[in-house]
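Listed here are the chains, written in short residue letters.
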Amino acid sequence: MGAATQVVILNWKGRDYVGDCIRSVLGQTHADVGVIVVDNGSPDGSAEYIGSAFPEVQMVALPQNLHFARGTNAGVEAALRDPGCKYVVTLNNDTKVDPEFVAELVKSVEADHVGMVQAKLLFMDRPKVLNTTGVSPTRDGAGVDRGWNQRDEGQFDAATDIFAPTAGAALYRREVFDTVGPFDGDFVAYYEDLDLAWRARLAGWEARFAPRSVVYHMYSHSTSYQSAWKTYQGERNRIWTLVQNYPARYVAAAVPWNATRVLAAFQRRIRKGPTKEEDGAPQGFRGPGLREFTGAVARAKLDAYAGLGRALEKRRMRASYRKADAADVGRWLRRYGVPLRDMPGN
């Protein structure tokens, strides 16, 4: 049998930095760790470099870019083929992890009801500033990074319950995938981890934050910060997350909530233009302008509505493992949810 914990690193065009990520994972203090690297058909020689430089790593070379959800699923499936695998850790290729990264994640999943664990992500170029400490749900199906762009002064250093982890650096218990399935490939990228967390919570699992499991993240190295494509993906997948997981009463209530949020986003772009660094964007990045933003949101809504039949079928499939009811979801939104006034400006 292989390692009880398998770290799945999804790579695309990461020849210049994926080696640092792999070396940091191979340097873990936790002894029982394996590494699987999925190469998403990179044209930059990544697969050849990884195979030559890291022979101890299991390679899954895909013929083309399957993006995050399907690409990561290929690695998860490879990990779960080994019956000895108890935990799967998903990790972005543009990261470096501390030596205790895996050990702290595993320590946090020991309670039987915990199915997912989030590491602490810090910006690599601003190592005292938080990227995320988990994902908090919104009333309209979106998710917001907990602690985003805040200076790390220990305010999130308690090991605590959270709503969901981001798959950029998270541990999942094997039984979560066995019960609710893998990441939803239809999402392509963005919110596939939030959707998986919703399914896991509906099935009775909880999520924890492991503050001593530390990761440094280059952030949006594979996709530009708040690009029009990212805006499109997020809006389409937000609607599918809402329809597939929220009770009917919350789906209806999400419409005016989202309208208010989108209107505020339009007003920001009219007033200030594309997202600027002071809105929390990494240095040098700018988001889409008003025309790009409007077009991306419109296309996303049309495509999301075109896929509602499939989304409703997935909603019905949740009944086979659902343990949580509408009252539980209401408690989650009150406890972990983000008020409209606290939504980030970008």
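Residues numbered from 1 in each chain as written. Predicted model: local features only at pLDDT ≥ 70, side-chain atom pairs only at ≥ 80, totals over all residues. Heavy atoms only, no water.

The next thing to look at is the overall build of the protein chain. Summing up its helical and strand segments, the protein chain has eleven helices and twelve strands in all. Its C-alpha atoms give the protein chain a radius of gyration of 19 Å, within 12% of the compact-globule value 20 Å for 346 residues. Projected onto its principal axes, the C-alpha coordinates of the protein chain cover approximately 50 × 45 × 45 Å. Taking all 346 residues of the protein chain together, 58% fall into the buried category. Put simply, 78% of the contacts in the protein chain that link residues at least 6 apart link residues at least 24 apart. For the protein chain, the accessible surface area stands at approximately 14500 Å², while carbon and sulfur atoms represent 51% of it. Side chains of the protein chain carry 45 positive and 40 negative charges; the gap between the two charge centres is 7 Å. (Helix = DSSP H or I, 4+ residues; strand = E, 2+ residues; numbered from the N terminus. Rg over C-alpha atoms; globule rule 2.2 N^0.38 Å. Buried < 20%, exposed > 50% of the residue type's maximum accessible area, 1.4 Å probe, protein only. Contact = heavy atoms within 4.5 Å. Areas by Shrake-Rupley, 256 points an atom, 1.4 Å probe, with all protein chains shown as cover. Lys, Arg positive; Asp, Glu negative; His and termini not counted. Charge placed at Lys NZ, Arg CZ, Asp CG, Glu CD.)

The next subject is the packing of helix α6 (residues 192-202) against helix α7 (residues 228-245). Across the interface, α6 lies against α7 with an axial gap of 10 Å and an inter-helix angle of 10°. Compared by their axis directions, α6 and α7 come out roughly parallel. Facing α6, whose interface residues are Leu 194, Asp 195, Trp 198, Arg 199 and Leu 202, α7 presents Thr 241, Gln 244 and Asn 245. Class assignment of the residues belonging to the contact of α6 with α7 gives a composition of three nonpolar, three polar and two charged. (Axes fitted to C-alpha atoms, helices over the stretch in contact; angles between N-to-C directions. Parallel < 35°, antiparallel > 145°, perpendicular 65-115°, else oblique. Nonpolar A, V, L, I, M, F, W, Y, C, P; charged D, E, K, R; others polar.)

Turning our attention to unusual backbone geometry. Peptide bonds are mostly trans, and most non-glycine residues show a negative phi. Even without being a glycine, Val 188 presents a positive backbone phi close to 65°. Residue position: Val 188 is located in the loop between α5 (174-180) and α6. One non-glycine residue, Tyr 191, adopts positive backbone phi at about 70°. Its location among the elements puts Tyr 191 in the loop between α5 and α6. With relative accessibility at 21%, the residue Tyr 191 sits in the partly exposed group.

Taking 1.5 Å of rise per residue, 14 residues should cover 20 Å, and helix α3 (residues 67-80) covers 20 Å from first to last C-alpha, within 8% of that figure. With eleven of 14 residues buried, α3 is to be regarded as a mostly interior element. Taken together, the buried positions of α3 are Phe 68, Ala 69, Gly 71, Thr 72, Asn 73, Ala 74, Gly 75, Val 76, Ala 78, Ala 79 and Leu 80. Residues of α3 that are buried make contact with β1 (5-11), β2 (33-39), β3 (58-61), β4 (87-92), α5 and α6. (Expected span 1.5 Å × (residues − 1).)

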